[in-house]
Amino acid sequence: MEAAGRGSRMAGRRQVVKNMNTGGSPEECPVCLTGYDGTVQRPRNLPCGHTVCTLCIDQLEEQGRVACPECRVNHAVPEGGKFPVSYAVEAFMMRDAEVAAAAAASPPPSAGEGAPSGAAGKKEAAGLSKKMRSFLQEQEATVVAAITACREAQSQLDQYQTTLAGWGKQQQQLEDRLLGLVDQSRSARELLQQEESRVAAKEEELKKEEQGLQAMLETLRTLATEQEAAAAMPEVFRWTGEAEQAVEECREGFPDASTVTTARKVNVASSAALEAVQAALETLTTEEPRPQADPDSTIMDRLHLICTWSVTAEDLRSLTQPARRLLEAGRVFAVHQAEGQRRHARISLEAGQLCLHALKDHPPPLGAATLQVSEAVPPSPPCTVFLDLSWPGSAPRRVQIRLSPDTPRGRQFLLLCTGQRGPSYVNTRLCGVGRKGEAGEFVKGGDYESNDGEGSSVLLPGLDKGEYRNSGRAGNVCGLVWPDRTRGESGNFGIFTRDCKDGGGGGLVFGEVVDGLHVVAEAAQHRDIKEVTVADCGVVL
């Protein structure tokens, strides 16, 4: 990962020099053309190297991203909401202010006073030996370097503090939600206590009715005359009537549907939340080795390293609750390191499918979970890959391709969908349509070298050696060869959108479209096939 904070500050210094060389004022924001200050219009560095004031950055922000007003590169807003302060620009402004203040405090020397002043300066310089002057210059450079180091450390701490503040805000929101759940749980418990009290009261009432009926039963068994029986009948009717009324009230009043429903819902929600917390806390009980950081790395570099933990491919495939939450939050990445370069591929959950997208250079977000690409992606087909095709007026739409085993072209297609060897199909164009509107129509693509169909685009040797099928059915993905066959192998591919006559005409078939063939067919009918690009690609895990 690049040292983002240090790179931004160096870019800020380059911007100062650029403004000086091109006649622009480094003390003014290039958007509002207003001088920077230490409050709302403080200079801030974008990752592309350009400097813009805080106020303009806030106005340019759209959906968590800022487009640089000079080079139009789109940047994600850092956690905490602020880009790093350009201390280089502030130092330049401070130096200019000091020079201006000194000039204002010292009146311009007269013609007669100029000579003695110059002579005094020469005399002062003459009092120092050449060796001493050289030593003082070295010390001055050391002091300047120390000042720069202090400012860089301040910038790193500023970014770190902004990140901590963002985390604190998130934690407060989580705490508020947890307290809200506790309040709901407490309210549900109070409802249950009230219902329990009501049940106890009704139970006590029924016991009294039962005791009265028992006494009435004993009385009936001891009656000896008709006069005694006649005198006892009103009491019998009273006790039986009261008992029947109590039983009816019990049947009609219990259970209380509102209390039971509320209590069960809160119980389920509380249990799910508790299980999630316990699952998360289990990861804290295992002591993991602390990652080793480069001693020259910045504070934010080390923070990224500390806040990244591992997840297994089995966790993803079984979609455990923690893994699902990380996937839904966009915080699962696959890591691939080759030739000293560390790259990351996002893993997403789309329509129930796990998808690993093409590797990119940017680092994963703080708190991401990672695993190695080799743990998730098979070394060779059979497997399913995807291309997201887009053209003007059409949002990216997915085409899924099942790659056949034992074909070098299938292995190369897989490598170019993941970017494991460096290049990928991302941002490549479809470069032509063969037999347009006729039987055997097919689109051409895959030229990651020149992006016009003229590049060889060969990533692996011996592409044409393998177990290939010969078929010209719609949906077949096949290798292309140079028309004149005078040049070497071509790594470009073709996708048939219509059946060939008699089913023939498609050699070197190494895959088949299993979903999204209609997208390829629509692309073939677009007015300019070269406007159709691969917006994204990857592997279905």
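About the criteria used
- Residue positions are counted from 1 within each chain, in the order its sequence is given.
- For this predicted model, a pLDDT threshold of at least 70 governs which residues receive local features, and a threshold of 80 or more governs which side-chain atom pairs are given and counted, while totals over whole chains, interfaces and linings are taken from all residues.
- No hydrogens and no water enter the side-chain calculation; it runs on all heavy atoms of the structure.
- Think of it this way: any DSSP run of H or I at least four residues long counts as a helix, any run of E at least two long counts as a strand, and we number them from the N terminus.
- Only protein chains enter the accessibility calculation, which uses a 1.4 Å probe. A residue is then buried if its area is under 20% of the maximum for its type, exposed if over 50%, and partly exposed in between.
- Should any heavy atoms of two residues lie within 4.5 Å, those residues are counted as being in contact.
- The protein chains shown are the only cover counted for residues, whose accessible areas, like all others here, come from Shrake-Rupley with a 1.4 Å probe.
- Pairing of aromatic rings covers Phe, Tyr and the six-membered ring of Trp, with a centre-to-centre limit of 6.5 Å; geometry is then stacked below 30 degrees between planes, edge-to-face above 60, and tilted otherwise.
- Any carboxyl oxygen of Asp or Glu that lies within 4 Å of a side-chain nitrogen of Lys or Arg is treated as forming a salt bridge with it.
- Whether a set of points on the 1 Å grid over the protein atoms alone is a cavity depends on a 1.4 Å probe fitting there but being unable to get out, while an open set qualifies as a pocket with protein on both sides within 12 Å along at least five of seven lines; lining residues are those with an atom within 4 Å of a point.
- Grid points are joined across faces, edges and corners, and a volume is the space filled by probe spheres set on the points.
- Ten residues, namely Ala, Val, Leu, Ile, Met, Phe, Trp, Tyr, Cys and Pro, are considered nonpolar, four, namely Asp, Glu, Lys and Arg, are considered charged, and the remaining ones, Gly among them, are considered polar.
- Note on geometry: axes are C-alpha line fits, over the in-contact stretch for helices, and angles between N-to-C directions span 0 to 180 degrees.
- Orientation is classified from the angle alone, with under 35 degrees giving roughly parallel, over 145 giving roughly antiparallel, 65 to 115 giving roughly perpendicular, and any other angle giving oblique.
- By definition, turning the near helix anticlockwise from the far helix through less than a right angle yields a left-handed crossing, and turning it clockwise yields a right-handed one.
- Each direction from the helix axis to a C-beta atom contributes to the arc, which is the arc of those directions.
- Residues belong to one nonpolar core when they are buried, are Ala, Val, Leu, Ile, Met, Phe, Trp, Tyr or Cys, and are joined through side-chain atoms within 4.5 Å.
- Confidence of the predictor in every single residue is expressed as pLDDT, which spans 0 to 100.
- Here a strand pair is declared whenever DSSP counts at least two bridges between the two strands.
- Residues enter patches when their relative accessible area tops 30% and they take part in no salt bridge; the joining distance is 9 Å for like charges and 5 Å for the nonpolar side chains Val, Leu, Ile, Met, Phe, Trp and Tyr.
- Polar contacts here mean pairs of N or O atoms no more than 3.5 Å apart (in protein, one a potential hydrogen donor and the other a potential acceptor; neighbouring residues in sequence count only if both atoms are side-chain atoms).

Peer 1: Got a minute to help me understand the overall build of the chain in this structure?
Peer 2: From N to C terminus, the chain includes 13 helices and 17 strands. A total of 541 residues make up the chain; the buried ones form 35% of that total. By sequence separation, contacts in the chain at least 24 residues apart represent 66% of the contacts at least 6 residues apart. Summed over its atoms, the accessible surface of the chain is roughly 31,400 Å², and 53% of this surface lies on carbon and sulfur atoms.

Peer 1: Would you take a moment to explain the packing of aromatic side chains for this structure?
Peer 2: Geometry of an aromatic ring pair is reported as the spacing of the ring centres plus the angle between the planes. One pass over the structure, following the stated rule, counts 5 aromatic pairs. With a centroid separation of 5.7 Å and 55° between ring planes, the pair formed by Phe442 and Phe496 is classed as tilted. Placement of the pair is Phe442 in strand β13 (residues 442-445) and Phe496 in strand β15 (residues 493-496), with a sequence separation of 54 residues. These aromatic residues form a ring-pair network of at least three members: Phe413, Tyr425, Phe493 and Phe510.

Peer 1: Please clarify how the pattern of salt bridges should be interpreted in this entry.
Peer 2: Two side chains that carry opposite charge are able to pair once their charged atoms sit near each other. The full count for this structure, using the stated rule, is 16 salt bridges. Close ionic contact of Glu195 with Arg198 constitutes a salt bridge, the shortest N to O distance being 3.2 Å. Taken together, the residues span about one helical turn, with Glu195 and Arg198 both in helix α5 (residues 130-222) at a distance of 3 residues. You can call Arg198 partly exposed: its relative accessible area is 34%.

Peer 1: Can you walk me through empty space enclosed by the protein in this structure?
Peer 2: The rolling of a water-molecule-sized probe over the atoms marks out the regions of remaining empty space. Across all of its chains, the model carries 2 cavities of 30 Å³ or more by this definition. Forming the walls of the largest cavity are Arg409, Gln412, Phe413, Tyr425, Leu463, Gly491, Asn492, Phe493 and Phe510. Across the lining of the largest cavity, the residue classes tally to 5 nonpolar, 3 polar and 1 charged. Reported here for the second largest cavity is a volume of approximately 30 Å³. Along the walls of the second largest cavity sit Arg44, Ile57, Glu61, Val77, Gly81, Lys82 and Phe83, which together make up its complete lining. The residue makeup of the lining of the second largest cavity, split by class, is 3 nonpolar, 1 polar and 3 charged.

Peer 1: In this structure, what is going on with the packing of α5 against helix α6 (residues 226-253)? I would like to understand it.
Peer 2: Relative placement of two packed helices is described by the angle separating their axes and the distance separating the axes. At a minimum axis distance of 10 Å, the contact between α5 and α6 shows a crossing angle of 155°. Relative to α6, α5 is oriented roughly antiparallel. α5 and α6 meet at a crossing whose hand is left-handed. Looking at the contact of α5 with α6 residue by residue, the class counts come to 12 nonpolar, 4 polar and 9 charged.

Peer 1: Explain helix α10 (residues 321-328) to me, please; I cannot follow it from the model alone.
Peer 2: Since one α-helical turn is 3.6 residues long, residues separated by three or four positions face the same way. Those residues of α10 that fall on the buried side of the exposure criterion are Ala323, Leu326 and Leu327. For α10, the angular spread of the buried residues around the axis is 100°, confining them to a single face. Where α10 ends, the next residue or the one after it, Gly330, has phi of about 70°, a positive value.

Peer 1: Is there a simple way to explain the nonpolar core in this structure?
Peer 2: Across soluble globular proteins, you tend to see nonpolar side chains buried next to one another. One finds Leu387, Leu389, Ile401 and Phe413 to be the most contacted residues of the largest nonpolar core, which totals 56 residues. Setting aside chain neighbours within four positions, we find Leu387 in contact with Arg397, Arg398, Val399, Ile401, Phe413, Cys417, Tyr425, Phe493, Val534, Asp536 and Cys537. Counting residues in hydrophobic clusters, the runner-up holds 13 residues, among them Val52, Cys56, Ile57 and Phe83.

Peer 1: Which parts of the structure should I look at to understand the environment of Glu235?
Peer 2: Considering the arrangement of structural elements, one finds Glu235 in helix α6. Put simply, Glu235 and Leu213 are 22 residues apart on the chain and 9.7 Å apart in space, counted from C-alpha to C-alpha.

Peer 1: Teacher, can you tell me more about the confidence of the model for the chain here?
Peer 2: Low pLDDT means the predicted atomic positions in that stretch should not be read closely. For the chain, mean pLDDT is 82; residues scoring 70 or higher make up 83% of the total. Considering only residues more than four positions removed or in separate chains, one finds that residues 1-23, a stretch of pLDDT under 50, has 44 contacts. Within the model, the stretch residues 284-289 combines pLDDT values under 50 with 0 contacts to residues more than four positions away or in other chains.

Peer 1: What's the story with the pairing of strand β8 (residues 353-357) in this structure? I'm lost.
Peer 2: Side-chain direction in a regular strand flips from residue to residue, so the side chains alternate between the two faces of the sheet. Counting buried positions over the 5 residues of β8 gives 4, a clear majority of the element. Pairing of strand β7 (residues 341-350) with β8 involves 4 bridges; the strand directions are antiparallel. Bridge pairing in β8 places Glu350 opposite Gln353. As consecutive antiparallel partners, β7 and β8 are separated by 2 residues, and within that stretch Ala351 has a phi angle of approximately 55°, a positive value.

Peer 1: Would you mind showing me how to read the environment of Gly511 here?
Peer 2: Tracing the chain through its elements places Gly511 in strand β16 (residues 509-515). A C-alpha to C-alpha distance of 5.4 Å links Gly511 and Arg402, two positions 109 residues apart in sequence. Those residues in contact with Gly511 that lie beyond four places of it in its chain are Ile401, Arg402, Leu403, Ser404, Arg469, Gly475, Asn476 and Val477.

Peer 1: In this structure, what is going on with a nonpolar patch on the surface? I would like to understand it.
Peer 2: Together, Leu128, Met132, Phe135 and Leu136 make up a nonpolar patch on the protein surface, roughly 340 Å² of accessible area in all. Here Leu136 shows up in helix α5.

Peer 1: Sorry if this is basic, but what is going on with the side chain of Asn476 here?
Peer 2: With respect to the element layout, Asn476 can be found in strand β14 (residues 476-479). Residue Asn476 is classed as buried on the basis of its relative accessible area, which comes to 1%. In this structure the side chain of Asn476 is engaged in a polar contact, spanning 2.9 Å, whose partner is the side chain of Ser471. Ignoring anything within four residues of it in the chain, the contact list for Asn476 reads Arg469, Ser471, Gly494, Ile495, Phe496, Val509, Gly511 and Glu512.

Peer 1: Just checking my understanding: could you explain the environment of Val377 for this structure?
Peer 2: The residue Val377 is located in the loop between α11 (373-376) and β10 (383-391) in this model. Given the relative accessible area of 5%, Val377 is considered buried. Along the sequence, Val377 and Thr418 sit 41 residues apart, while their C-alpha atoms lie 8.7 Å from each other. Look past the residues within four positions of Val377 in its chain and what remains in contact with it is Leu356, Leu414, Thr418, Gln420, Val539 and Leu541.

Peer 1: Would you mind showing me how to read unusual backbone geometry here?
Peer 2: Comment: phi is negative for the bulk of residues other than glycine, and the bulk of peptide bonds are trans. At the junction of Phe254 and Pro255, the peptide bond is cis and its omega measures out at -5° in the coordinates. Turning to its location among the elements, Pro255 is positioned in the loop between α6 and α7 (257-285). In the segment running from Pro381 into Pro382, the intervening peptide bond is cis, with an omega of 15°. With respect to the helices, strands and loops of the structure, Pro382 is situated in the loop between α11 and β10. Its identity is not glycine, yet Asp406 carries a phi of approximately 60°, on the positive side.

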